[in-house]
Structures are given as structure tokens and as C-alpha cells.
Amino acid sequence: MSRVYNFGAGPAVLPEPVLEQAGREMLDWQGSGMSVMEMSHRGKEFIGIAAAAEADLRDLLAVPANYKVLFLQGGATLQFAAVPMNLLRGRRSADYVNTGEWSKKAIKEARRYCTVNIAASSEDKNFSYAPALTGWKLDPNAAYVHACTNETIGGVEFHWVPDTGSVPLVADMSSHLLSRPIDVSKYGLIYAGAQKNIGPAGLTLVIVRDDLLGQALPSTPSVLDYKAQAEADSMLNTPATYAVYIAGLVFQWLKQRGGLQTMGELNRAKAQLLYDFLDQTEFYYSPVAKSDRSLMNVPFRLRNDALDEEFLKQTKQRGLTQLKGHRSVGGMRASIYNAMPIDGVRALVDFMREFQAKHG
Ligand SMILES: *Cc1c(COP(=O)(O)O)cnc(C)c1O
């Protein structure tokens, strides 16, 4: 067996010990005589798995008691609609910050339900930075303020939390939740599709302050109603049971490694290795403002883009895979989530140096 260093943005690399444990437990989960995939979601085994996953996630993120944690389906994309459906609460508009491709998608979907005020945008510089709060045009009557705090495609991350006063802050954290500690109490709602930094596709996490629940639009489907899901322990209907189980193993792995403080330091070291290299060469460059560079998704370009194809071909031969940038922006992108070891980043930088020596 040989495994590659997988730099894909998502579905993405998972921790090897998690995959190994899942493999060992595939046919018989802890003496139950069943795979987790074969269990009833109403049975005591799976209810235990789901409860442990929630408890470990709460522990990792220090989620305050007045927040609900939901394990849902439909991806972050469904949350683009669920957020306005649940959080408009009789108001007619919401503020959105536009920092790239995922912000744009969230904005487009929200426009089906309310007036969207673009409070700030980085479109003027091709989405290469996070706009400073001083320039945001916030509406005190907005239902909420939405931001994508890590733009997976553009590689722009908020390294600060916008203060939106009494208007709840909603964050799409799909590609950086669990990469470092955060203060959950600063947010009204956080959501994240699991397949980037958390677990398999099919699971979406929502962490929501409980005073925001209970005022969903009447037309909201019940599986999208946060209050209904919270009351049913996210089991209004059959949840993504196997994805919940794997995410639960990832949470245990994170705790064993020392939690989010430790992960944050490791992730910083990994990203620095790559950015330091990019900054000291003329051959490659990062298109993102230094202060706003993502520690999870690192887009970069070759100054001579005629070499892109050769670069991708050779990285693949070396077992460094999925480095092609998103189709909407081109270039390269290395996603270096929690499960990417620092040796993977070293191998990439070593290769990039060699490639430069040959072609520079
Ligand atoms: C991947 C991603 C999404 C979309 O996730 P789906 O699960 O495919 O709906 C939304 N927002 C961000 C920031 C993402 O990285």
C-alpha cells in the first residue's frame, strides 16, 4: 500500500489513524456484530456514537452551553438557504461580506429570501484580501451579518473576528473550523461542511446560539428548521450516520493530539514553511495579501504559467496530488488541513525548489 500526499481542497485528506480504526471496526463495531453503517440511528450504539461526537466537539471548541450543535446534511450550500430561512426573524434584509467565490454563492442564494446588503467587498482587488472592518457599511436593522471566514478557493482567511455589535455574526467556516481555537461566543451561528477539515462528505455542522431559534419562515422544510432539529438531537430523520462516526473519530484524534491550541501551532508552522518559500522566490508567487493569507488553503502561481501543466504532471508522479487550483481561478492550490503532516508540506517545498532549479 502506498498513500499520496493529498493536497485536495475537499473531500480531503483524513488522519491515517482514523482510517485505520474505521478499517478495524468495519465489520464489527466494538462487539456489536455490525458495521456502524448497518446500525439503526435510534439504537443505543449509534446514539452513543453521536452523543460522544457532540461532547468531543463541544469540548474541542469550548462551545458555550447556550449554543446548539447540529449534525445535518446537504452541505454548506444548503446552509446558504437555511441561514436566511431561520435567521431573518421577521426582518427584511441581511448584511453580507463578499470576499470570493463562496461568499458570492451564499449571497446569490440569500437573495431568494431577503434583500442582501453588501457591507464590504474585496472584488476591487480580485478577492485577494479581507476588507478592514472600518470600511464595512453595516445596517443596524439587518437580521445578521454573513462572512466566509476562510475562502477555500481564493485562500483568504480572517485572522480576526469582526465586531458586529448586537447584530448576530454568521460565519461559513467550512474550510477552517477546527484548525485553531475560536471564541464561539462571538458568533450567532457557525456552519461548516465536513469534507474539508472535519470528516467525510455528507455531514454539515451547525453551531447556533439558542435565542436565534424558533422563528423560521413558515415555508421552511422541517429538516432545515434548526429548532426542530435541535429538539430532535439532529435526528428528525435519518442522519448521515457513518459520516458522524468518522467525524467523531477525528474529534478524538484531535483531542489526543492536544486539541486546537496544538493544531493551531502546527498549522501555523506548516503554512509558514510554504509561504516563506513562496516569498523568497521569483519563480512562484502568492496572490493573497500577507496579513490575510489562509493557513489551510494556499493558492500559488508560477510566473510562467506555460509551465503549469508540467508542474502538475511531475508533482503527481512524486505522489503530491490534487494541486491544481480551482477551475474558476486557475494556478495551483495546496490545501494543508489538520490531517496533512508537516512532512507533506516539506516534500512539496522540496519539489518546488527542484522544479525551479530545472526550469527557472
Ligand atoms: C466547500 C465549501 C462550500 C460548499 O460545500 P458543499 O458541502 O459542497 O455544499 C461552501 N463554503 C465553503 C467555504 C467551502 O469551502
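Bear in mind that the values here come from a model prediction, so they are computed numbers and not experimental data.

Regarding the packing of aromatic side chains
- A full pass over the atoms with the stated rule returns 15 aromatic pairs.
- A ring pair is formed by Y284 and F311, whose centres lie 6.1 Å apart and whose planes are at 70°; its orientation type is edge-to-face. On the criterion of sequence distance, the pair formed by Y284 in strand β11 (residues 284-285) and F311 in helix α8 (residues 308-317) is long-range, its members being 27 residues apart.
- With relative accessibility at 0%, the residue F311 sits in the buried group.
- When the ring centre of W102 is taken as origin, the NZ or CZ atom of K105, which lies over that ring, is 4.8 Å away.
- Lying across the ring of Y129, K125 places its NZ or CZ 5.6 Å from the centre.

Section: the side chain of N338
- Structurally, the position occupied by N338 is in the loop between β14 (332-335) and α9 (342-359).
- For N338, a relative accessible area of 4% corresponds to the buried category.
- Polar side-chain contacts of N338 include one of 2.8 Å to the side chain of N267.
- Aside from chain neighbours lying at most four places away, what touches N338 is L178, S179, N197, W253, L254, R257, M263, N267, K270 and M296.

Describing the nonpolar core
- Judged by nonpolar contacts, the single largest core of 57 residues is most densely connected at L61, F71, L177, L178, I198, Y245 and F251.
- Of all the elements, helix α6 (residues 241-256) adds the most residues to this core, at eleven residues.
- Here this core gathers at least three residues from each of two domains, domain 1 (16-256) and domain 2 (258-359).
- Setting aside anything within four residues of it in sequence, one finds L178 in contact with L57, L61, N197, I198, F251, L254, L260, M263 and N338.
- Judged by nonpolar contacts, the second largest core, of 28 residues, contains A106, Y144, V170 and Y191.

Describing the packing of α8 against α9
- At a closest axis distance of 11 Å, the pairing of α8 and α9 adopts a crossing angle of 135°. One way to sum up the angle between α8 and α9 is to call them oblique. In terms of crossing hand, the pair formed by α8 and α9 is right-handed. Taken together, the residues of α9 that come into contact with α8 (itself represented by E310, F311, Q314 and T315) are F351, M352, F355, K358 and H359.

Some remarks on the domain arrangement of the protein
- What the domain assignment reports for the protein is domain 1 (16-256) and domain 2 (258-359).
- Of the residues lining the interface, 26 residues belong to domain 1; the matching set on domain 2 comes to 25 residues.
- Where domain 1 meets domain 2, there are zero salt bridges.
- On the surface where domain 1 and domain 2 come into contact, there are 16 residue pairs in polar contact (both at pLDDT 80 or more).
- Broken down by secondary-structure element, the contributors of at least two residues to the side of domain 1 that touches domain 2 are α2 (44-61), β7 (156-157) and α6.
- Here the side of domain 1 that touches domain 2 takes four residues from α6, the largest share from any one element.
- The class makeup of the residues in the side of domain 1 that touches domain 2 is ten nonpolar, eleven polar and five charged.

Cut-offs and rules
Residues numbered from 1 in each chain as written. Predicted model: local features only at pLDDT ≥ 70, side-chain atom pairs only at ≥ 80, totals over all residues. Heavy atoms only, no water. Phe/Tyr/Trp six-rings, centres within 6.5 Å; stacked < 30°, edge-to-face > 60°. Helix = DSSP H or I, 4+ residues; strand = E, 2+ residues; numbered from the N terminus. Buried < 20%, exposed > 50% of the residue type's maximum accessible area, 1.4 Å probe, protein only. Lys NZ or Arg CZ within 6 Å of the ring centre and 35° of its normal. Polar contact = N/O pair within 3.5 Å; in protein donor to acceptor, adjacent residues only side chain to side chain. Contact = heavy atoms within 4.5 Å. Core = buried A, V, L, I, M, F, W, Y, C linked by side-chain atoms within 4.5 Å. Domains from an automatic or database assignment. Axes fitted to C-alpha atoms, helices over the stretch in contact; angles between N-to-C directions. Parallel < 35°, antiparallel > 145°, perpendicular 65-115°, else oblique. Left-handed = near helix turned anticlockwise from the far one by under 90°. Salt bridge = Lys/Arg side-chain N within 4 Å of Asp/Glu carboxyl O. Nonpolar A, V, L, I, M, F, W, Y, C, P; charged D, E, K, R; others polar.

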